[in-house]
Amino acid sequence: MPWAKANGVELFYKTAGSGDPLVLVHGSWGDHHNWIPVLPALTERFRVLVYDRRGHSRSERPAGQGTRREDEEDLAALMETLDFAPAYVAGNSFGASTTLGLATHRPDLFLGLVAHDPPLTGIVADGSPLTGLVSDGPRARSLLTDIAVRFASVLAHLRADDFPAAARQFTDEIALGPGTWDQLPPPVQQTFLANAPTFLDEHRDPHGADLDLPRLAAYTGPALLTSGTAGLPWFAPITARLVETLPQAATHTFEGAGHIPHVTHPEAYARVLAAFVDGTGPTGEDPRP
């Protein structure tokens, strides 16, 4: 099995396919397997790199507090080590936050970026809301108060090492919607439980939800910001703020999808990604006269 030393950490990775380079960055709790449903379609068009972020599954889990900036530097080093730079980089959830963060200080690594539902709400390990991207205005404050209560409960379960309760509540009440934990296949549930400590680590990072919007605005490359009609409400204001920051960004909403369209709607996800890269628009319809 392939591992690479990147930014001082052993990261597990896989590559497949041929074509334009594409790097896929998974979110919290999961690993590279999250992308399996969409890989058959993507590898027909792209040379794809998937990997386990630090602290997840087969990658090294360093001792001590980690940071999202370290995830960004891991990604940069892995891309350069494996000759995937520059590349199209697509991130989901915390992987989207990582992708956007990397674009603020290493735009040279990107042929284009794709971000779905970055959780830039600014909730930290005690459940308190920080600045985040959606802290201004009464609707945002109400949104943060609601999600902070839920996060506080999840994080309390994690501190008590009650990983099953934490994973269930996170899945059902924060990320995917009611009843989804019981619908996940047992191997996926086991991956969530194995990676639960890293989620707590992410929320102990006081800068985990920071994003330098002026520097992100300086990124002038292609960008695609996506969401789903079945997504939970706190992701929409974040995406709207990012659209303001990246006026060149295309947008797409996956009908019937929520937080993980590459899992629930893999054919649509692959089609939209390929259309974006090919310049025929996020829906696959050529917008050019």
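These figures come from a predicted structure and were not determined experimentally. (Residues numbered from 1 in each chain as written. Predicted model: local features only at pLDDT ≥ 70, side-chain atom pairs only at ≥ 80, totals over all residues. Heavy atoms only, no water.)

### Topic: the pattern of salt bridges
- With the rule as written, the count across this model stands at 12 salt bridges.
- Of the charged contacts in the structure, one is a salt bridge between Glu-202 and Arg-53, with a shortest N-O distance of 3.1 Å. Within this pair, whereas Glu-202 is found in helix H7 (residues 186-203), its partner Arg-53 is found in the loop between strand E4 (46-51) and helix H2 (68-81), the two being separated by 149 residues in sequence. Just as Glu-202 is buried, Arg-53 falls in that class too.
- Residue Glu-72 is joined to Arg-68 by a salt bridge in which the shortest nitrogen-to-oxygen separation is 2.9 Å. (Salt bridge = Lys/Arg side-chain N within 4 Å of Asp/Glu carboxyl O. Helix = DSSP H or I, 4+ residues; strand = E, 2+ residues; numbered from the N terminus. Buried < 20%, exposed > 50% of the residue type's maximum accessible area, 1.4 Å probe, protein only.)

### Brief notes about the packing of H2 against helix H3 (residues 94-105)
- It is at 9 Å that the axes of H2 and H3 come closest, and there the two elements cross at 75°. Classified by the interaxial angle, the pair formed by H2 and H3 is roughly perpendicular. Residues Arg-68, Arg-69, Asp-71, Glu-72, Leu-75 and Ala-76 of H2 pack against Phe-94, Ser-97, Thr-98, Gly-101, Leu-102 and His-105 of H3.
- A class-by-class count of the residues in the contact of H2 with H3 yields 4 nonpolar, 4 polar and 4 charged. (Axes fitted to C-alpha atoms, helices over the stretch in contact; angles between N-to-C directions. Parallel < 35°, antiparallel > 145°, perpendicular 65-115°, else oblique. Contact = heavy atoms within 4.5 Å. Nonpolar A, V, L, I, M, F, W, Y, C, P; charged D, E, K, R; others polar.)

### Digging into the pairing of E4
- When you tally the buried positions in E4, you get 5 out of 6 residues, the bulk of the element.
- Both strand E3 (residues 20-25) and E4 contribute to a ladder of 5 bridges, which runs parallel. Of the residues in E4, the one forming a bridge with Pro-21 is Arg-47. (Pairing = 2+ DSSP bridges.)

### Here we look at the packing of aromatic side chains
- All chains considered together, the criterion is met by 10 aromatic pairs.
- Here Arg-45 stacks its cationic end above the ring of Phe-46, 4.8 Å away from the centre of that ring.
- The ring of Phe-12 has Arg-58 lying over it, and the distance from NZ or CZ to the ring centre is 4.7 Å. (Phe/Tyr/Trp six-rings, centres within 6.5 Å; stacked < 30°, edge-to-face > 60°. Lys NZ or Arg CZ within 6 Å of the ring centre and 35° of its normal.)

### Some details on the environment of His-116
- Considering the arrangement of structural elements, one finds His-116 in strand E6 (residues 110-116).
- The exposure class assigned to His-116 is buried, which follows from its relative accessible area of 1%.
- Put simply, His-116 and Thr-253 are 137 residues apart on the chain and 9.7 Å apart in space, counted from C-alpha to C-alpha.
- In this structure, His-116 is in contact with Gly-91, Asn-92, Ser-93, Ala-96, Thr-226, Ser-227, Gly-228, Phe-254, Gly-258, His-259 and Pro-261, ignoring residues within four places of it in sequence.

### With respect to the packing of helix H5 (residues 163-175) against H7
- Two numbers describe how H5 lies on H7: the axes approach to 9 Å, and their chain directions differ by 85°. Judged by the inter-axis angle, H5 sits roughly perpendicular to H7. Between H5 and H7, the contacting residues are Phe-163, Pro-164, Ala-167, Phe-170 and Thr-171 on the first element and Phe-192, Leu-193, Ala-196, Pro-197 and Phe-199 on the second.
- Of the residues assigned to the contact of H5 with H7, the class counts are 9 nonpolar, 1 polar and no charged.

### Description of the layout of surface pockets
- Estimates place the volume of the largest pocket at around 650 Å³.
- Lining the largest pocket are 31 residues, and of these Leu-176, Leu-184, Val-188, Ile-260 and Val-263 lie nearest its centre.
- Taken together, the elements giving at least two residues each to the lining of the largest pocket come down to H5, helix H6 (180-183), H7 and helix H10 (261-264).
- Tallying contributions element by element places H7 first for the lining of the largest pocket, with 4 residues.
- Each residue belonging to the lining of the largest pocket can be placed in one class, and the counts come to 14 nonpolar, 16 polar and 1 charged. (1 Å grid on protein atoms, 1.4 Å probe; cavity = no way out; pocket = protein on both sides within 12 Å on 5 of 7 lines; lining within 4 Å. Points joined across faces, edges and corners; volume = space filled by probe spheres on them.)

### Observations regarding H5
- When H5 is considered as a whole, its buried residues turn out to be Ala-166, Ala-167, Gln-169, Phe-170, Thr-171, Asp-172, Ile-174 and Ala-175.
- Of the residues flanking the start of H5, the one acting as N-cap is Asp-162, its side-chain oxygen 3.3 Å from the backbone nitrogen of Ala-165.
- Gly-177 sits one or two positions beyond H5 and adopts a positive phi of about 115°. (Polar contact = N/O pair within 3.5 Å; in protein donor to acceptor, adjacent residues only side chain to side chain.)

By themselves, these figures tell us nothing about what the structure is for.
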